[in-house]
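Listed below are the residues making up each chain.
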Amino acid sequence: MGFLEGKKILITGVASNRSIAWGCAEAMHRQGAEIALTYQNDKLKSRVEDMAHKCGSDIALPLDVAQDADIEALFKALGERWDGLDGIVHAIAFAPREQLEGDYVDAVTREGFNTAHEISSYSFAALAKAGRGMMEGRNGALVTMTYLGAVRAVPNYNVMGIAKASLEANVRYLAASLGPHGTRVNGVSAGPIRTLAAAGISDFRDMLKKVEERTPLRRNVTIEEVGNAAAFLCSDLASGITGDILYVDTGYNILGLG
Ligand code: 0WD
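The name given to the protein in an unreviewed UniProt entry is Enoyl-[acyl-carrier-protein] reductase [NADH], and the organism recorded there is Allochromatium palmeri. Quoted verbatim from the Sequence similarities (unreviewed entry) field of UniProt, the annotation for the protein is "Belongs to the short-chain dehydrogenases/reductases (SDR) family. FabI subfamily."

What am I meant to see in the packing of helix H5 (residues 110–135) against helix H6 (residues 158–178) here?
Two quantities define a packed helix pair, namely the angle between the axes and the distance from one axis to the other. Contact pair H5 / H6: the axes reach a minimum separation of 8 Å and the direction vectors enclose 20 degrees. With respect to their mutual orientation, H5 and H6 come out roughly parallel. Crossing of H5 over H6 shows right-handed handedness. Mapping the contact onto sequence places Gly112, Phe113, Ala116, His117, Ser120, Ser121, Tyr122, Phe124, Ala125, Ala128 and Arg132 in H5 and Val159, Met160, Ile162, Ala163, Ser166, Leu167, Asn170, Val171, Leu174 and Leu178 in H6. A per-class count over the contact of H5 with H6 returns 14 nonpolar, six polar and one charged.

Sorry, what's going on with the UniProt feature "active site" (unreviewed entry) in the protein here?
The UniProt record annotates "active site" (unreviewed entry) at Tyr147 and Tyr157. Within the element layout of this structure, Tyr147 appears in the loop between strand S5 (141–146) and H6. Given the relative accessible area of 12%, Tyr147 is considered buried. Ignoring any residue separated from it by four or fewer positions in sequence, one finds Tyr147 in contact with Val154, Tyr157, Lys164, Glu168, Ser189, Ala190, Pro192 and Met207. Within the secondary structure, Tyr157 is located in the loop between S5 and H6. The buried category is assigned to Tyr157, whose relative accessible area is 7%. Dropping the residues within four chain positions of it, Tyr157 is found in contact with Leu100, Tyr147, Gly149, Lys164 and Ile201.

In this structure, what is going on with H5? I would like to understand it.
Because each turn of an α-helix spans 3.6 residues, side chains separated by three or four positions in sequence point in the same direction. The terminal C-alpha atoms of H5 lie 35 Å apart, and with 26 residues this matches the ideal 38 Å at 1.5 Å per residue to within 8%. Residue Gly137 follows H5 closely and has a positive phi angle near 65 degrees.

I would appreciate a short explanation of the packing of aromatic side chains in the present structure.
Working definition: an aromatic ring pair is given by the centre-to-centre distance plus the angle between the planes. Counted by the stated rule, this structure contains one aromatic pair. Both rings, one in Tyr147 and one in Tyr157, keep their centres 4.8 Å apart while their planes meet at 65 degrees; by these two values the pair is edge-to-face. You can see Tyr147 sitting in the loop between S5 and H6 and its partner Tyr157 sitting in the loop between S5 and H6, a full 10 residues away along the chain.

Looking at this structure, I do not really get the environment of Ala125. What am I missing?
Counting through the fold element by element, Ala125 comes out in helix H5. Separated by 46 residues in sequence, Ala125 and Val171 have C-alpha atoms that sit 8.6 Å apart.

What exactly am I supposed to notice about the packing of helix H1 (residues 20–30) against helix H8 (residues 223–234) here?
One way to put it is that H1 packs onto H8 with a least axis distance of 7 Å and a crossing angle of 55 degrees. With respect to H8, the element H1 is oriented oblique. Considering how the two elements wind past one another, H1 and H8 form a crossing that is right-handed. Counted together, Ile20, Trp22, Gly23, Cys24, Ala27, Met28 and Arg30 of H1 and Ile223, Val226, Gly227, Asn228, Ala230, Ala231 and Cys234 of H8 form the full contact between these two elements. Taken together, the residues that form the contact of H1 with H8 break down as 10 nonpolar, three polar and one charged.

Cut-offs applied
- Residues numbered from 1 in each chain as written.
- Predicted model: local features only at pLDDT ≥ 70, side-chain atom pairs only at ≥ 80, totals over all residues.
- Heavy atoms only, no water.
- UniProt positions renumbered as here; feature names shortened; annotations may be inferred.
- Axes fitted to C-alpha atoms, helices over the stretch in contact; angles between N-to-C directions.
- Helix = DSSP H or I, 4+ residues; strand = E, 2+ residues; numbered from the N terminus.
- Parallel < 35°, antiparallel > 145°, perpendicular 65-115°, else oblique.
- Left-handed = near helix turned anticlockwise from the far one by under 90°.
- Contact = heavy atoms within 4.5 Å.
- Nonpolar A, V, L, I, M, F, W, Y, C, P; charged D, E, K, R; others polar.
- Buried < 20%, exposed > 50% of the residue type's maximum accessible area, 1.4 Å probe, protein only.
- Expected span 1.5 Å × (residues − 1).
- Phe/Tyr/Trp six-rings, centres within 6.5 Å; stacked < 30°, edge-to-face > 60°.

Written out as structure tokens, the structure reads:
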């Protein structure tokens, strides 16, 4: 029996079979969870529906986190299928491409800053708020995906690093707010993985190579490994853990002079 048997988990941010969200969906399905997926736009609809089927689910719902109406409709639709919710995985981030290259001060704009924060950080609080009712008193958990750029200045990551710092603070504030209602909130800080979102970061290939050369385990992390950690955090095995950031990065974050 899997350690998520009987749990109902909503997973956002599946864009392809390379997505971290897909690693989470597969890992959680393996552990016996019932899965619901979301897709950002109509272009992704049939792909995400097929991926939901692979997890034994027929729940794939639209969600653009920039739209309050989408968030509201998502939980309404989910409520028609499920009597409660035990977990939400937030694996969504976006900044305009020109924000993610070159010098931070040259690149940053008011609009780029606001967009990065709205889509990559506020959306986590928005999902927590909208899902709160369905999760009340079920010992459920929220998990988001963050990156080392939240706490270190990483070349080209720029405004996304500041949005991730906001997201990590969001983890702590949400944990404090939802803990008394029986809901835990944590983040996974993943090492770099080649996904659609990562393709937008300038010199990403170079980043993968540098990590592989220097990190304690001498390899990059996989979506399966990140998914397994997220599955653990959503499970009752992690019942004492909230407000935390778990590094799943083959150890890179511990290095000083790598
Ligand atoms: O190296 C990496 N890939 C890392 C990613 C290292 C550490 C953390 N992360 C984080 C990302 O910042 C993000 O928060 O993991 C999360 C998932 O990212 P991913 O799996 O790397 O990327 P991807 O497969 O592209 O999925 C992210 C998806 C979007 O994909 P694209 O590339 O089409 O923007 O987030 C979704 C979208 O499907 N997304 C949205 N969903 C709903 N509403 C929105 C939106 N407005 N914007 C983006």
